[in-house]
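Coordinate inspection notes
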Amino acid sequence: MAKQTKNPTNANKNSAFYKIDSYPLVRRDGIDIKRWRAAIRSAESRENPNWVPLIEIYNEQLLDAYLFSLMEKRICNITNTRVTFVDAKGEIDSDVDIEVIKKSWFQLILTEAMNALFWGYSLIELLPGKGGIDKAVLIPRQNTIPQWECVTIQQGDTSNTIDINNTPYNNYLLLINGRTRLGLLGVAAHLAIRKKDALGDWASYNQRFGSPIIVAKYNAYNPQTRQQLDRSLREL
């Protein structure tokens with residue numbers, strides 16, 4: 001994405017989010033098993049990991065209304081649940097400001113923590129402001145390499161990265177890993193691809209054979225009328 005500001009303020013001059021040059025472009029074309037397998041190999045590469053192809057496939061999967069609604073349901077179950085803060089003994093910590101759960105940045109953390117289960121990871125940056133955290137932003141997943149714990153300035157370019165464990169980034173960046181390396185979307189990918197193919201084949205079948213039989217009547221004593229009618233039926 002284009003930089004948020006050409007002259008970052010003191011609050012974000014060391015921000016990884018504001019150093020990313022371009023917004024990740026989403027590829028919207030057909031996906032198949034071959035492309036999915038190649039994307040997995042690219043993401044798991046030891047020498048030059050690139051998550052961009054796999055994230056593009058995940059974005060395409062989310063066009064499935066049923067899959068999208070299941071994900072949203074699980075996220076809403078968490079974000080709409082009452083939150084309490086407890087200490088090491090399991091007792092309610094009265095020193096924590098309970099109003100923090102109403103902040104938009106806290107809700108984003110909860111949402112992206114759940115999304116980490118689906119996508120495999122979420123990298124969140126907490127942008128400081130006056131008196132604490134001002135807001136939270138999600139570092140685009142196309143610019144994140146979770147196994148290296150770094151952020152690429154240019155999408156897919158591993159030669160120029162930001163190590164999230166280095167100062168000052170380690171003070172503001174929060175990496176949340178899912179339970180599986182590729183996320184639950186990676187597990188469901190092959191089923192989503194085959195479902196999309198099956199629906200496409202079924203739609204083609206319905207378009208060709210789903211219409212009712214057309215009955216045309218003509219004057220049997222006029223061969224020219226029959227020929228014209230035959231041409232008209234073939235052009236349907």
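Read on for an overview of the structure. All values derive from a computational prediction rather than experimental measurement.

Below, the discussion takes up the environment of R181. Its location among the elements puts R181 in the loop between β6 (173-177) and α5 (183-209). The exposed category is assigned to R181, whose relative accessible area is 63%. R181 sits 64 residues away from L117 along the chain, and the two C-alpha atoms are 9.3 Å apart. Contact partners of R181, with chain neighbours within four places excluded, come to E44, W51 and G120.

The subject of this paragraph is the side chain of E112. With respect to the helices, strands and loops of the structure, E112 is situated in helix α4 (residues 104-119). Using a relative accessible area of 10% as the deciding quantity, one classes E112 as buried. When neighbours within four sequence positions are excluded, E112 is seen to be in contact with S122, I124, L138 and R141.

Let's shift gears to the packing of aromatic side chains. On inspection of all chains with the given rule, the structure shows 6 aromatic pairs. With a centroid separation of 4.9 Å and 80° between ring planes, the pair formed by W51 and Y121 is classed as edge-to-face. Of the two residues, W51 sits in the loop between α1 (33-43) and α2 (52-61) while Y121 sits in strand β1 (residues 121-129), which places them 70 residues apart along the sequence. Note on accessibility: W51 and Y121 belong to one class, buried. Their ring planes at 70° and their centres at 5.9 Å tell us that Y58 and W119 sit as a pair that is edge-to-face. In this pair, Y58 sits in helix α2 while W119 sits in helix α4, placing the two residues 61 residues apart along the sequence. Residue classification places Y58 among the buried residues on the basis of a relative accessible area of 0%. Within the aromatic cluster, the residues linked to one another by ring pairs are F85, W105 and F106.

Analysis parameters
- Residues numbered from 1 in each chain as written.
- Predicted model: local features only at pLDDT ≥ 70, side-chain atom pairs only at ≥ 80, totals over all residues.
- Heavy atoms only, no water.
- Helix = DSSP H or I, 4+ residues; strand = E, 2+ residues; numbered from the N terminus.
- Buried < 20%, exposed > 50% of the residue type's maximum accessible area, 1.4 Å probe, protein only.
- Contact = heavy atoms within 4.5 Å.
- Phe/Tyr/Trp six-rings, centres within 6.5 Å; stacked < 30°, edge-to-face > 60°.

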